[in-house]
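Architecture and fold: a report
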Amino acid sequence: MVFDFFGEKKKVIIAMSHIGALPGSPGYDSDGGVDKLIEDVLSDVEKLQAGGVDAIMFGNENDRPYELKAPPEGIAAMTAIVQAVKPQLKVPFGVNYLWDPVASIAIGAATGAKFVREIFTGVFASDMGVWAPDCASAARLRSKLDRKDMKMLFNINAEFAHSLDQRPLELRARSAVFSSQADAILVSGPLTGQAVDQSGLRAVCDAVSDVPVFANTGVNKDNVADILSCASGVIIGTHFKFEGNTWNKVDPERVKRFMDIVNDIRN
């Protein structure tokens, strides 16, 4: 069992629903507005659930260039979108506002999310500048909002960034669990859609035994068996899109083919 809200499921698949650019972002479609964003997310949710994924995570990957502190209009819009699609959800859901852990906790608590993903710990040189997330404030907000049941998934090697912490990845993972009480550890590749280094993933799996370890990027039908041989699950977005392009819509046939492989592994 990975988390109690997954029941007896093992080797879980969390699928991404990438929300379109939110109000205030350069790519925002002001003509379509928030209603169009909701419509697109509902379409993704329908396809992902029909394909048999175990959970869905909502993220603002289209808000490029990314900010390290979420603006109020972005937080408000993402909260409204997730709340609007909740009646159609049949699986657990999570949220991630890139790259702000406090905003992610706030949105997750307001919408009733089961989990939140973010960079919670570390110091990074990134495309967004020097990056030092505030794990303590995020964890305290979760407690203050009485949502200790909402799991915090720690992405420990951020995309678009280089860690200034020279400790081995597996030691950083163990430290995040020990010092910051991570509920799960996520291992990423260097960019969205790029595969994790499997030797690093295995080192983390070997080092961390008391919380689940997930592959966070670049999972596809060709590498999922190897990844799930050690990881508790995966978070997958790009591979489910038409032509494997992060910015395209969800391709239901790709979802089905992938989940058929996963179900064979689980059986």
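Relevant structure appears above.
In short, a report on the structure. Just so you know, these numbers come straight off a predicted model, no measurement behind them.

1. Observations concerning the overall build of the protein chain
Secondary structure assignment for the protein chain yields eight helices and 11 strands. Over its C-alpha atoms the protein chain spans a radius of gyration of 17 Å, differing by no more than 12% from the 18 Å that the globule rule assigns to 267 residues. Taken along the three principal axes of its C-alpha coordinates, the protein chain extends 50 × 40 × 35 Å. Counting every position in the protein chain, which comprises 267 residues, the buried fraction comes to 54%. Within the protein chain, residue pairs in contact and separated by at least 24 positions form 68% of the contacts whose partners lie at least 6 positions apart. Accessible area for the protein chain stands at about 11500 Å²; split by element, carbon and sulfur atoms hold 49% of it.

2. Focus: the packing of helix α3 (residues 101-111) against helix α4 (residues 135-144)
Orientation of α3 relative to α4, taken along the N-to-C sense of each, is 15°, at an axis distance of 8 Å. Accordingly, the angle class assigned to the pair α3 and α4 is roughly parallel. The handedness of the crossing between α3 and α4 comes out as right-handed. From α3, P101, V102, I105 and A106 reach across to α4, where they touch S137, A138, L141 and R142. Classifying every residue of the contact of α3 with α4 gives six nonpolar, one polar and one charged.

3. Comments concerning the pattern of salt bridges
Counted by the stated rule, this structure contains 10 salt bridges. Note that D149 is salt-bridged to R147, the shortest N-O span being 3.0 Å. With relative accessibility at 11%, the residue R147 sits in the buried group. One salt-bridge network, held together by shared partners, links K9, D54 and R266.

4. Describing the sheet that holds strand β8 (residues 161-163)
The strand order across the open sheet formed by three strands is β6-β5-β8, and the pairing between neighbours is antiparallel. What marks the edges here is a single partner per strand, and that holds for β6 (129-131) and β8. Looking at each pair of strands side by side, their axes are set apart by 25° on average, direction ignored.

5. Looking at the environment of T79
With respect to the helices and strands, T79 occurs in helix α2 (residues 72-85). Residue classification places T79 among the partly exposed positions, given a relative accessible area of 21%. Once residues lying within four places of it in the same chain are set aside, the contact partners of T79 are I107, A110 and T111.

6. A short note on empty space enclosed by the protein
Counted by the stated rule, this structure contains two cavities of 30 Å³ or more. If you add up the space inside the largest cavity, you get close to 150 Å³. The wall of the largest cavity is formed by 16 residues, among which T192, N216, T217, G237 and T238 lie closest to the centre. At the level of elements, β1 (12-18) and β11 (233-236) are the ones that each hand at least two residues to the lining of the largest cavity. The residue inventory of the lining of the largest cavity, partitioned by class, reads four nonpolar, nine polar and three charged. By volume, the second largest cavity amounts to about 40 Å³. Lining the second largest cavity are E61, N96, L98, W99, R117, N155, E159, F160, T192 and N216. Split by residue class, the lining of the second largest cavity holds three nonpolar, four polar and three charged.

7. Details of the packing of aromatic side chains
Scanning the model with the defined rule gives 11 aromatic pairs in all. Between W99 and W131 the ring centres are 4.9 Å apart and the planes differ by 65°, which places this aromatic pair in the edge-to-face class. Residue W99 is found in the loop between β3 (93-96) and α3, and its partner W131 is found in strand β6; the two are separated by 32 residues along the sequence. In this structure W99 comes out as buried when scored by relative accessible area, which is 3%. Classification of W131 as buried rests on a relative accessible area of 2%. Among the aromatic residues, ring-to-ring pairing joins Y66, W99, F124, W131 and F160 into one connected group.

8. A word on the state of the cysteines
Note: disulfide means a covalent bond formed between the sulfur atoms of two cysteine side chains. Considering all chains together, one arrives at zero disulfides under this definition. Free of any disulfide, C230 has its nearest cysteine sulfur in C205, 3.2 Å distant.

9. Focus on the sheet that holds strand β10 (residues 213-215)
With parallel pairing, eight strands are arranged side by side around a closed barrel as β1-β2-β3-β4-β7-β9-β10-β11. When the angles between neighbouring strand axes are averaged without regard to direction, this sheet yields 25°. Bridging between strand β7 (residues 151-155) and strand β9 (residues 184-187) involves three bridges; their strand directions are parallel. Bridge pairing links L153 to A184 in β9.

Cut-offs applied
Residues numbered from 1 in each chain as written. Predicted model: local features only at pLDDT ≥ 70, side-chain atom pairs only at ≥ 80, totals over all residues. Heavy atoms only, no water. Helix = DSSP H or I, 4+ residues; strand = E, 2+ residues; numbered from the N terminus. Rg over C-alpha atoms; globule rule 2.2 N^0.38 Å. Buried < 20%, exposed > 50% of the residue type's maximum accessible area, 1.4 Å probe, protein only. Contact = heavy atoms within 4.5 Å. Areas by Shrake-Rupley, 256 points an atom, 1.4 Å probe, with all protein chains shown as cover. Axes fitted to C-alpha atoms, helices over the stretch in contact; angles between N-to-C directions. Parallel < 35°, antiparallel > 145°, perpendicular 65-115°, else oblique. Left-handed = near helix turned anticlockwise from the far one by under 90°. Nonpolar A, V, L, I, M, F, W, Y, C, P; charged D, E, K, R; others polar. Salt bridge = Lys/Arg side-chain N within 4 Å of Asp/Glu carboxyl O. Pairing = 2+ DSSP bridges. 1 Å grid on protein atoms, 1.4 Å probe; cavity = no way out; pocket = protein on both sides within 12 Å on 5 of 7 lines; lining within 4 Å. Points joined across faces, edges and corners; volume = space filled by probe spheres on them. Phe/Tyr/Trp six-rings, centres within 6.5 Å; stacked < 30°, edge-to-face > 60°. Disulfide = S-S within 2.5 Å.

Keep in mind these values describe shape, not function.
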